[in-house]
Amino acid sequence: MRTDNDGVIETKTQEESNFRSLLQKKHIFLLNSSDSLPTFEHNNRQCWPDLTMVSSHSLAAVCEWDVLEEETNSDHKFVKICINSNISSLSFARFKTAH
């Protein structure tokens, strides 16, 4: 299962189509890149089973997702996720309520 540059899943089977519908219904965005290397390689088999999802469109817009080529000693490859943001910290107002 892969995505295009807008995070839209490219479907090939009914199962993938159902998964795409579920993500859209739940407002979940897939970060995987459609032009990435496979995240899994074993003998002659290559596939993309490792999915990275976020629940915010604005977060998906600032994330970069990439498969690394370095050795992992596994059939699965390392996935690098970068969040490009100018926010260095977040703070939230907290209020104490009367009992």
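Rules behind the numbers
Residues numbered from 1 in each chain as written. Predicted model: local features only at pLDDT ≥ 70, side-chain atom pairs only at ≥ 80, totals over all residues. Heavy atoms only, no water. Patch = residues over 30% accessible without salt bridge, like charges linked within 9 Å, V, L, I, M, F, W, Y side chains within 5 Å. Areas by Shrake-Rupley, 256 points an atom, 1.4 Å probe, with all protein chains shown as cover. Salt bridge = Lys/Arg side-chain N within 4 Å of Asp/Glu carboxyl O. Lys, Arg positive; Asp, Glu negative; His and termini not counted. Charge placed at Lys NZ, Arg CZ, Asp CG, Glu CD. Helix = DSSP H or I, 4+ residues; strand = E, 2+ residues; numbered from the N terminus. Buried < 20%, exposed > 50% of the residue type's maximum accessible area, 1.4 Å probe, protein only. Contact = heavy atoms within 4.5 Å.

Asker: Which residues make up a negative patch on the surface, and what are the values?
Answerer: Together, Asp35, Glu64, Asp66 and Glu69 make up a region of like negative charge exposed at the surface. Within the secondary structure, Glu69 is located in the loop between strand 7 (63–67) and strand 8 (79–83). Residue classification places Glu69 among the exposed residues on the basis of a relative accessible area of 67%.

Asker: Run through the side chain of Thr72, naming residues and quoting values.
Answerer: Locating Thr72 in the fold gives a position in the loop between strand 7 and strand 8. Setting aside its immediate chain neighbours within four residues, Thr72 contacts Lys77 and Phe78.

Asker: Help me get a handle on unusual backbone geometry, residues and values and all.
Answerer: We note that Asn43 has phi near 50°; this positive angle belongs to a residue other than glycine. Structurally, Asn43 is set in the loop between strand 4 (40–42) and strand 5 (45–47). A positive phi angle, close to 60°, is found at Asn73, a residue other than glycine. With respect to the helices and strands, Asn73 occurs in the loop between strand 7 and strand 8.

Geometry only, nothing functional implied.
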